[in-house]
Amino acid sequence: MSGRWPLHWRILFGLVVGTAAGITANVAAGGAPWLSSIIDHATEPFGRLFLRLIFMVVLPLVFSALVLGVAGLGDIGRLGRIGAKTFAYTILASGLSVALGLTLVNGLRPGAGLPAETRAALTGYAIRGPAVTSADAPVGLQAVVAIVPENPVRAAVNGDMLAVMFFSLMLGLGLALAPRETVAPLIAVLEALYAVVMQVIDLAMRLAPYGVACLLFTLTARLGAGILRQLASYVAVVLLGLAIHQFGTYALVVRFLGGMSPRLFFRRIRAVMITAFSTSSSNVTLPLALTVTERNLGVPREIANFVLTLGSTANQNGTALFEGVTVLFLAQFYGVDLSLQSQLVVVLMSILAGVGTAGVPGGSLPLIVPVLVTVGVPAEGIGIIFGVDRLLDMCRTVLNVSGDIAAAVVVARSEGALTVPLLVPEAE
Ligand code: ASP
């Protein structure tokens, strides 16, 4: 594997090699002592090592990303009505996208269908977080009370990620409301913490091609090729959900709330969609999105600047949908039954994860871990997703960016400030 290949190609290569070798080993020598010994003493520990390098920084990542994400919303207050509209749009659109994703997974069940003995073998090997099982989970109002930690440090130590997220949210709110000069040093420290954590994840990701190869080898050598069907169905369901939200929900939103023809909308933001797809990064696409929204769609600069900048980190519908689908898929895959309440927790945490995710390639992957842990699905499941993530990332980034532009159109229209320019010939 040449070091000059982009990382996502090397990870895909790892997936293919690990899977092919694993299936071959399973067919040729499934259950043989030497194969079990290779799995137990080499591929499985190495795969786990790679995952643990990422798990280890999830706590500081969730904390710093959410505090900064919410503190950044501080501008909302300053922009008054526009801020409130953007915020409401973000929550509604993200909620809708996760709900769509969950409906698809519940209906199509991409993770179901593993033979009972395969599933038993799978769960036998899984590492689970200190999750609440449905038997001891608080219900009703008690569940709401349980989200607010009495002691945030204890919540962190116990792996109670929902409570940690709530604490981070409140801290972010406090930061947004406190005088800027006073809290600037704390924001700087959190920004530094965030940068360091991202760096550590970057280092860990260098091992990803080997880690993914080992994880997939372990899975397929033990369980055979059966699991590939589930993986393919999962990819199909994510893509279906993204397509419905992109060309269904956004078309309706643009038509009825933005008063604009969806055809015109999609045609005029084509260049942005292509850039988002090829870079997998909302941040990198932001400058082009700003120009296009202003020039091609006639959104005033102040509104475009505000809504798109905020949206590039907070309004991530594609990411939220992807997170929801992934958690439910893995639950089905591992045979974990998620109650309605747990699914609501998934919706809530996926919306929050959308707010906390950086607009960079693969930004949302580590943030799936706290959701998995909270609802009791083995967190190592993300090892299965890594190999196929790049394609999903490219597509969900298109949704993330298009959603921000749709939001800008809706907000501008509601302010009576939308003047769609005639473009001849139509600019890209
Ligand atoms: N790549 C996505 C973005 O930049 C974030 C993610 O879901 O990983 O919008």
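A brief look at the structure comes next.

Scoring rules and cut-offs
- Residues numbered from 1 in each chain as written.
- Predicted model: local features only at pLDDT ≥ 70, side-chain atom pairs only at ≥ 80, totals over all residues.
- Heavy atoms only, no water.
- Phe/Tyr/Trp six-rings, centres within 6.5 Å; stacked < 30°, edge-to-face > 60°.
- Helix = DSSP H or I, 4+ residues; strand = E, 2+ residues; numbered from the N terminus.
- Lys NZ or Arg CZ within 6 Å of the ring centre and 35° of its normal.
- Buried < 20%, exposed > 50% of the residue type's maximum accessible area, 1.4 Å probe, protein only.
- Expected span 1.5 Å × (residues − 1).
- Contact = heavy atoms within 4.5 Å.
- Polar contact = N/O pair within 3.5 Å; in protein donor to acceptor, adjacent residues only side chain to side chain.
- Near = heavy atom within 4 Å.
- Areas by Shrake-Rupley, 256 points an atom, 1.4 Å probe, with all protein chains shown as cover.
- Nonpolar A, V, L, I, M, F, W, Y, C, P; charged D, E, K, R; others polar.

### Overview of the packing of aromatic side chains
Here's step 1: Summed over the entire model, instances satisfying the criterion amount to eight aromatic pairs.
Here's step 2: For the ring pair Trp5 and Phe13, a centre distance of 5.5 Å and an interplane angle of 75° mean the geometry is edge-to-face.
Here's step 3: Taken together, a centroid distance of 5.3 Å and an interplanar angle of 55° make the contact between Phe50 and Phe386 tilted. Of this pair, Phe50 sits in helix 2 (residues 33-55) while Phe386 sits in helix 19 (residues 382-386); the two residues are 336 residues apart in sequence, bridging distant segments of the chain.
Here's step 4: Through successive ring pairs, a cluster of aromatic residues spans Tyr234, Phe329, Phe333 and Tyr334.
Here's step 5: Over the face of the ring belonging to Phe322 we find Arg396, whose NZ or CZ atom lies 3.9 Å from the ring centre.

### What to know about unusual backbone geometry
For residues other than glycine, phi is negative in most cases, and the peptide bonds are mostly trans.
Here's step 1: Phi is positive for Arg109, which is not a glycine, with a value near 45°.
Here's step 2: Note on placement: Arg109 falls in the loop between helix 4 (74-108) and helix 5 (116-125).
Here's step 3: With a relative accessible area of 42%, Arg109 lands in the partly exposed category.
Here's step 4: The phi dihedral of Ser280 is positive, around 55°, even though this residue is not glycine.
Here's step 5: Note that Ser280 resides in the loop between helix 13 (270-279) and helix 14 (282-295).

### Re helix 14
Here's step 1: Look at helix 14: 19 Å from first C-alpha to last across 14 residues, which is about the 20 Å you get at 1.5 Å a residue.
Here's step 2: Three or more residues of helix 14 are buried, namely Ser282, Thr285, Leu286, Ala289, Leu290, Val292 and Thr293.
Here's step 3: Its buried side turned inward, helix 14 meets helix 12 (262-268), helix 13, helix 15 (301-314) and helix 20 (389-414).
Here's step 4: Regarding helix 14, its N-cap is Ser281, as a side-chain oxygen of that residue lies 3.3 Å from the backbone nitrogen of Asn283 further along.

### Some points on the site of the ligand
Here's step 1: Taken together, 17 residues are adjacent to the ligand, and Ser282, Thr319, Asp393, Arg396 and Asn400 come closest.
Here's step 2: Between Gly359 and the ligand, the recorded distance is 3.3 Å, taken from a backbone N or O atom to an oxygen atom.
Here's step 3: For the ligand, the protein covers 100% of the area, taking 270 Å² as the surface of the free molecule.
Here's step 4: At four residues, the largest contribution of residues to the shell around the ligand is made by helix 20.
Here's step 5: When its residues are assigned to classes, the shell around the ligand shows three nonpolar, 12 polar and two charged.

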